[in-house]
Amino acid sequence: MIYIVLAVGALIAGIVTAIAGGGGILIVTLLMLLDTPIKLVIGTNRFSALLDNATSAYNYNKKGKVNKKFLKYAALPSLIGTFIGSKFLSVVDSEVLEKLIPVILIALVVHSSFSKKMGLESNFQGFNKKNIMLGSVVTFFIGIYTGFFGLAAGSFFSLSLVYVFKFDFLEAVATVKPLLFLMGITSVVFYAANGLIDYRYAIFITVFRVVGSRFGSSYASEKGSKLVKPVFSIFCVLVAIKNIL
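In short, a report on the structure. (Residues numbered from 1 in each chain as written. Predicted model: local features only at pLDDT ≥ 70, side-chain atom pairs only at ≥ 80, totals over all residues. Heavy atoms only, no water.)

A short note on the pattern of salt bridges
Reasoning step 1: Going through the model one piece at a time under the given rule, you end up with 2 salt bridges.
Reasoning step 2: With a shortest N-O distance of 2.8 Å, arginine 209 and aspartate 52 are connected by a salt bridge. Of this pair, arginine 209 sits in helix H9 (residues 199-223) while aspartate 52 sits in helix H3 (residues 38-62), and the two are 157 residues apart along the sequence. Each member of the pair, arginine 209 as well as aspartate 52, carries the same accessibility label: buried.
Reasoning step 3: Ionic pairing is found between aspartate 198 and arginine 200, a salt bridge with its closest N-O pair at 2.8 Å. (Salt bridge = Lys/Arg side-chain N within 4 Å of Asp/Glu carboxyl O. Helix = DSSP H or I, 4+ residues; strand = E, 2+ residues; numbered from the N terminus. Buried < 20%, exposed > 50% of the residue type's maximum accessible area, 1.4 Å probe, protein only.)

If you want it as structure tokens, here you go:
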């Protein structure tokens, strides 16, 4: 019965992650219900998210939705940030960011709701020194957050790209997937080295997350930002409310 619940939850998490990010919140909730220690919960979720993000990245890239030029600027800051976040997991107070992230998410979602066209159409005007620098800084801090916690990192990251570069939501979600995969490798190596992954659940969950991710990314690519924006906004608010409570 436990594995049936995990399979259904992982499938849904994969679909949600592919469309809007943040599906790991469901995995974490299910693992906590099984009385799994919190550090094992986080490590196991990060392991299962690895191939989840890789599948979405492959699908989105195949359909031409990934902004590859941004990856060139953001790859190094993302890896450095994730390494720092993972390395100092035991000394960084994650509660500060856990409280701050939902507040920022709600503020950004509210703002995007008033801007009806925001994220529905790409207003990207190209890269310049200012937005490259800002995008790199954002990526670096998202890397730190991903390294020691990571829940809803994809949602926060995607929203940031909509604001910084004026991407539409679909391009933003698609572009962060390869970076989340890179960050995931760094954090998973750290978690594995410290025995913070429960492989009994991790491998099983990964299989169903990959299936969900493949379906979700294909569906989002077909429907575009008109699907992604409302799903994204609703899920961000739910994640924020859960974190606040």
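Some details on the nonpolar core
Reasoning step 1: Ranked by size, the top nonpolar core spans 18 residues in total, and within it Phe70, Ile142, Phe157, Leu161, Phe165, Leu179 and Met183 carry the most contacts.
Reasoning step 2: Only helix H4 (68-87), helix H6 (129-148), helix H7 (153-165) and helix H8 (169-193) provide two or more residues apiece to this core.
Reasoning step 3: By residue number, the principal contributor to this core is H7, which donates 7 residues.
Reasoning step 4: Look past the residues within four positions of phenylalanine 157 in its chain and what remains in contact with it is Thr139, Ile142, Val176, Leu179, Leu180 and Met183.
Reasoning step 5: Leu6, Ala10, Ala13 and Val41 belong to the second largest nonpolar core, which has 10 residues in total. (Core = buried A, V, L, I, M, F, W, Y, C linked by side-chain atoms within 4.5 Å. Contact = heavy atoms within 4.5 Å.)

Regarding unusual backbone geometry
Reasoning step 1: One non-glycine residue with positive phi stands out, namely aspartate 35, at about 60 degrees.
Reasoning step 2: On the secondary structure map, aspartate 35 appears in the loop between helix H2 (24-33) and H3.
Reasoning step 3: By relative accessible area, aspartate 35 is classed as exposed at 69%.
Reasoning step 4: Within the chain, lysine 166 stands out as a residue other than glycine whose phi angle is a positive 65 degrees.
Reasoning step 5: Judged by relative accessible area, lysine 166 falls into the partly exposed class, the value being 43%.

So, the packing of aromatic side chains
How two aromatic rings sit relative to each other is set out by the distance from centre to centre and by the angle between their planes.
Reasoning step 1: Counting across every chain of the model gives 10 aromatic pairs.
Reasoning step 2: Ring geometry for phenylalanine 140 and phenylalanine 141: centres 5.3 Å apart, planes at 75 degrees, overall edge-to-face.
Reasoning step 3: Its relative accessible area of 23% is what places phenylalanine 140 among the partly exposed residues.
Reasoning step 4: Ring centres of phenylalanine 190 and tyrosine 191 lie 5.8 Å apart, and the angle between their planes is 65 degrees; on these two criteria the pair is classed as edge-to-face.
Reasoning step 5: Taken together, Phe70, Tyr73, Phe127, Phe165 and Phe167 form an aromatic cluster joined through their ring pairs.
Reasoning step 6: Directly above the ring of tyrosine 201 sits arginine 200, whose terminal nitrogen or CZ lies 4.8 Å from the centroid. (Phe/Tyr/Trp six-rings, centres within 6.5 Å; stacked < 30°, edge-to-face > 60°. Lys NZ or Arg CZ within 6 Å of the ring centre and 35° of its normal.)

Considerations on H7
Reasoning step 1: Here H7 spans 18 Å end to end across 13 residues, near enough to the 18 Å set by a 1.5 Å rise per residue.
Reasoning step 2: Buried residues of H7: Ala153, Gly154, Ser155, Phe156, Phe157, Ser158, Leu159, Ser160, Leu161, Val162, Val164 and Phe165, and no others.
Reasoning step 3: Backbone geometry just after H7 places lysine 166 at a positive phi near 65 degrees. (Expected span 1.5 Å × (residues − 1).)

Digging into H6
Reasoning step 1: With 20 residues, H6 ought to run about 28 Å at 1.5 Å a step, and its terminal C-alpha atoms sit 29 Å apart, in line with that.
Reasoning step 2: Asn131, Gly135, Ser136, Val138, Thr139, Ile142, Gly143, Ile144, Tyr145, Thr146, Gly147 and Phe148 are the residues of H6 that are buried.
Reasoning step 3: Near the N-terminus of H6, the side chain that reaches the backbone nitrogen of lysine 130, with its oxygen 3.0 Å away, is that of asparagine 128. (Polar contact = N/O pair within 3.5 Å; in protein donor to acceptor, adjacent residues only side chain to side chain.)

Here we look at the environment of serine 48
Reasoning step 1: Mapped onto the elements of the fold, serine 48 is located in helix H3.
Reasoning step 2: Separated by 140 residues in sequence, serine 48 and valine 188 have C-alpha atoms that sit 9.5 Å apart.
Reasoning step 3: When neighbours within four sequence positions are excluded, serine 48 is seen to be in contact with Ile27, Ala202, Ile205, Thr206 and Arg209.
Reasoning step 4: A polar atom in the side chain of serine 48 sits 2.9 Å from the side chain of arginine 209.

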